[in-house]
Amino acid sequence: MNAAVDVPPHFQTFLAFDYGLKRTGVAVGNRMLRTATPQPTIRAEGDARLVHAQARVKEWQPDALVVGVPFHPDGASHDNTLRARKFARQLRGRSGLTVYEVDERYSTTEALASGARDADAGAACVILEQFLRSLP
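1. Observations regarding the packing of aromatic side chains
One pass over the full model with this rule turns up 4 aromatic pairs. For the pair Phe14 and Phe131, a centre-to-centre distance of 5.1 Å together with 70° between the ring planes defines the contact as edge-to-face. Here Phe131 lies in helix α4 (residues 119-133) and Phe14 lies in strand β1 (residues 13-18), a separation of 117 residues in the sequence. On the accessibility criterion, Phe131 (0% relative accessible area) is buried. Pairing Phe17 with Phe87 gives two aromatic rings, centres 5.8 Å apart and planes at 85°, and the pair type is edge-to-face. With a gap of 70 residues between them, Phe17 in strand β1 and Phe87 in helix α2 (residues 79-95) connect regions that are remote in the sequence. Cluster of aromatic residues (ring-pair linked, three or more members): Phe14, Tyr100 and Phe131.

2. Points about the pattern of salt bridges
Tallied over the full model, the rule gives 5 salt bridges. Across the pair Asp47 and Arg94 runs a salt bridge, and its minimum N-O distance is 2.6 Å. With Asp47 in helix α1 (residues 46-60) and Arg94 in helix α2, the pair connects residues that are 47 residues apart, well separated along the chain. Arg94 sits in the partly exposed class, given a relative accessible area of 39%.

3. Notes on the nonpolar core
Of all hydrophobic cores here, the largest spans 20 residues; its most connected members are Leu15, Phe17, Leu65, Val67, Phe87 and Leu91. Looking at which element gives the most residues to this core, the answer is α2, with 4 residues. Residues in contact with Phe87, not counting those within four places in the same chain, are Phe17, Tyr19, Thr24, Arg49, Leu50, Ala53 and Val67. With 17 residues, the next largest nonpolar core counts Ala27, Ala64, Val66 and Leu128 among its residues.

4. Here we look at unusual backbone geometry
What you tend to see is this: most non-glycine residues have negative phi, and most peptide bonds are trans. Of note in this structure, Gln61 is not a glycine but carries a positive phi near 50°. Position of Gln61 among the secondary structure elements: in the loop between α1 and β4 (64-69). With a relative accessible area of 54%, Gln61 lands in the exposed category.

5. A short note on the layout of surface pockets
Of the volumes computed, that of the largest pocket is approximately 290 Å³. Asp18, Tyr19, Pro70, Glu104 and Thr108 are the residues nearest the centre of the largest pocket, which is lined by 17 residues in total. Considering only residue class, the lining of the largest pocket consists of 7 nonpolar, 4 polar and 6 charged. Size it by volume and the second largest pocket reaches roughly 190 Å³.

Reading the values: the criteria
- Residues numbered from 1 in each chain as written.
- Predicted model: local features only at pLDDT ≥ 70, side-chain atom pairs only at ≥ 80, totals over all residues.
- Heavy atoms only, no water.
- Phe/Tyr/Trp six-rings, centres within 6.5 Å; stacked < 30°, edge-to-face > 60°.
- Helix = DSSP H or I, 4+ residues; strand = E, 2+ residues; numbered from the N terminus.
- Buried < 20%, exposed > 50% of the residue type's maximum accessible area, 1.4 Å probe, protein only.
- Salt bridge = Lys/Arg side-chain N within 4 Å of Asp/Glu carboxyl O.
- Core = buried A, V, L, I, M, F, W, Y, C linked by side-chain atoms within 4.5 Å.
- Contact = heavy atoms within 4.5 Å.
- 1 Å grid on protein atoms, 1.4 Å probe; cavity = no way out; pocket = protein on both sides within 12 Å on 5 of 7 lines; lining within 4 Å.
- Points joined across faces, edges and corners; volume = space filled by probe spheres on them.
- Nonpolar A, V, L, I, M, F, W, Y, C, P; charged D, E, K, R; others polar.

Geometric descriptors of this kind do not, in isolation, establish any biological role.
What follows is the structure in structure tokens.
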């Protein structure tokens, strides 16, 4: 993630998504504590995934959204990079909220290493906490 991301100071609560073809991890967190809490993973594909994501947005009423975008270890994009970015655009369009994209390389590995029971939700926490730590 670029350190130069400009996030307005009044944006305090965030909902993060770790996009996956079959499962999408979810976490919620806030700027003051700079921590994230895992939420139940969305187990849906296609438009159903977006419907579930919208329900989470409605439930949590975040100020903005964060979506993990995967890359190869060398930084090159791949099919899931494009899919995650499309998911981010769809969320932005449906929710009207600002969506921040975060490089999510190794987030699942980090989540599993820290003992996450749900790797997808754990990865969403890693993504969100990385984002929150980057804020001033």
